[in-house]
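Close look at the chain arrangement
Listed here are the chains, written in short residue letters.
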Amino acid sequence: MEAKEITFSYDEKTAQLTNVSCEIEQGKVTTIIGPNGSGKSTLLGVLSKSYLPQGGQILLDGKTLNQYKPKELAKKLAVVHQQNDAPVDMTVEKLTSFGRLAHRRFLTPQHDEDDAAIDWALACTNLTEKREKTITQLSGGERQRVWIAMALAQKTPILFLDEPTTYLDMYFQFEILELVKSLNERHGLTIVMVLHDVNQAIRYSDRLIVMKAGEIILEGTPEEMLTAEMFKAVYGVDVLIKEDEEMGLFVVPKGI
């Protein structure tokens, strides 16, 4: 996937993205980072066709996103949004099954292929034993995994995650990010996500896209681009960049 000179604004006064270009590498985990209001979630929304840009184009497998019909695109990429809602009596299995709508005609029953995809998605997210539970019976981390399971049931090669660890405590943040790592390494998914926590982004990403004020400042591997100068320029914070045998690279803020 490649974005070329994307421009996007929610209204006529303020541009959210200005001439943004980037490349999403197949089989990699790419994380978009940057300060609040830098355009991270907006870029993710444009890449997933949740928003239509005013300028530029996005190519997926050689075709622009506009050339894809909705069901056709839903077989190429799946999205887990930051905030999600479901009826209180909805079961885990039922919600996961909605991921199969792109593969079925309206009002047609599920086939064996659909059942297999749902079972696989529940197994990947460690929810098989919770399949009959309702959403309200789950913890915050389990609820997030259900939305990921629904996306996985689409059986797409690309998965978009908009701040998947938001509102979760440390344990469930780690659980979700380990799931992301497993989906990439074991199942070959190309994953694009937005994260606020820079150290989480460093640990769980092959590539980073650094944004500020609606523009991409840097793009590359964590090792290539993480410098004290970058953090000062983008975040306005002085940092120490450390490296540990077990943890790898990590950042410690010093002050402003």
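- In the nomenclature of an unreviewed UniProt entry, the chain corresponds to ABC transporter ATP-binding protein from the organism Halalkalibacter oceani.
- Listed in UniProt under the heading Subcellular location (unreviewed entry), the comment for the chain reads: "Cell membrane".

**Re the overall build of the chain**
- Regarding its fold elements, the chain presents nine helices and twelve strands.
- In terms of overall dimensions, the chain has C-alpha extents of about 55 × 40 × 30 Å along its principal axes.
- For the chain, the proportion of its 256 residues judged to be buried stands at 45%.
- For the chain, restricting intrachain contacts to residue pairs at least 6 apart in sequence, the fraction spanning at least 24 positions comes to 62%.

**Structural notes on the sheet that holds strand S5 (residues 63-64)**
- Ordered by their spatial adjacency, four strands build an open sheet running S2-S1-S4-S5, and the pairing between neighbours is antiparallel. Whereas interior strands pair on both sides, the edge strands pair on one side only; in this sheet they are strand S2 (15-23) and S5.
- For strand S1 (residues 2-9) and strand S4 (residues 55-60), the ladder comprises four bridges, and the chain directions are antiparallel. Of the residues in S4, the one forming a bridge with Glu-2 is Leu-59.

**As for the pattern of salt bridges**
- For the structure on display, the rule yields ten salt bridges.
- The shortest N-O distance in the salt bridge between Glu-25 and Arg-207 comes to 3.3 Å. Taken together, the residues Glu-25 in the loop between S2 and strand S3 (29-33) and Arg-207 in strand S9 (residues 207-212) connect sequence positions 182 residues apart.
- For Glu-25, a relative accessible area of 28% corresponds to the partly exposed category.
- Among the residues examined, Arg-207 registers a relative accessible area of 15% and is labelled buried.

**Description of the environment of Val-192**
- With respect to the helices and strands, the residue Val-192 is situated in strand S8 (residues 190-194).
- Here the alpha-carbon distance between Val-192 and Ile-32, two residues 160 residues apart in the chain, equals 7.6 Å.
- Other than its neighbours up to four places away in sequence, Val-192 contacts Ile-24, Thr-30, Ile-32, Leu-44, Leu-159, Phe-160 and Leu-161.

**Overview of the packing of aromatic side chains**
- All chains considered together, the criterion is met by five aromatic pairs.
- Centroid distance Phe-8 to Tyr-10: 4.9 Å. Interplanar angle 90°. Geometry classified as edge-to-face.
- Considering the side-chain rings of Phe-231 and Tyr-235, the 5.8 Å spacing of their centres and the 25° angle between planes classify their relative orientation as stacked. In this pair, Phe-231 and Tyr-235 both sit in helix H9 (residues 228-235), four residues apart, roughly one turn of the helix.
- Its relative accessible area of 25% is what places Tyr-235 among the partly exposed residues.
- Each member of the aromatic cluster is reached from another via a ring pair, and the members are Phe-8, Tyr-10 and Tyr-51.
- Of note, Lys-63 hangs over the ring of Tyr-68, and the distance from its end group to the ring centre comes to 4.4 Å.
- Across from the ring centre of Trp-120, 3.8 Å away, lies the NZ or CZ of Lys-155, which sits over that ring.

**Some details on the packing of helix H4 (residues 112-124) against helix H5 (residues 140-153)**
- The geometry of H4 relative to H5 is characterised by a closest axis approach of 8 Å and an angle of 140° between their N-to-C directions. Remark: the crossing between H4 and H5 carries right-handed chirality. Of H5, the residues touching H4 (which contributes Ala-117, Trp-120, Ala-121 and Cys-124) are Ala-149, Leu-152 and Ala-153.
- Looking at side-chain class alone, the contact of H4 with H5 contains seven nonpolar, no polar and no charged residues.

**Some points on the sheet that holds strand S7 (residues 158-162)**
- Overall, mixed pairing links the six strands, which are arranged S6-S7-S8-S3-S9-S10 in an open sheet. Edge positions in the open sheet fall to strand S6 (77-80) and strand S10 (215-220), since each of these has one partner strand only. Neighbour-to-neighbour, the strand axes of the sheet open up by a mean angle of 15°, direction not taken into account.
- Relative to S9, S3 runs parallel, the two being bridged by four bridges. For Ile-33, the partnering residue across the bridge sits in S9 and is Val-210.
- Docked against the sheet, helix H1 (residues 40-47) engages S3, S6, S7, S8, S9 and S10, running at close to 150° with respect to S7.

**Here's the deal with unusual backbone geometry**
- Positive phi, close to 50°, is recorded for Asn-19, a residue that is not glycine.
- Relative to the helices and strands, Asn-19 resides in strand S2.
- According to the relative accessible area criterion, Asn-19 is exposed, its value standing at 53%.
- In this structure, Glu-163 takes a positive phi of about 50° despite not being glycine.
- The topology assignment puts Glu-163 in the loop between S7 and helix H6 (170-187).

Conventions and cut-offs
Residues numbered from 1 in each chain as written. Predicted model: local features only at pLDDT ≥ 70, side-chain atom pairs only at ≥ 80, totals over all residues. Heavy atoms only, no water. UniProt positions renumbered as here; feature names shortened; annotations may be inferred. Helix = DSSP H or I, 4+ residues; strand = E, 2+ residues; numbered from the N terminus. Buried < 20%, exposed > 50% of the residue type's maximum accessible area, 1.4 Å probe, protein only. Contact = heavy atoms within 4.5 Å. Pairing = 2+ DSSP bridges. Salt bridge = Lys/Arg side-chain N within 4 Å of Asp/Glu carboxyl O. Phe/Tyr/Trp six-rings, centres within 6.5 Å; stacked < 30°, edge-to-face > 60°. Lys NZ or Arg CZ within 6 Å of the ring centre and 35° of its normal. Axes fitted to C-alpha atoms, helices over the stretch in contact; angles between N-to-C directions. Left-handed = near helix turned anticlockwise from the far one by under 90°. Nonpolar A, V, L, I, M, F, W, Y, C, P; charged D, E, K, R; others polar.

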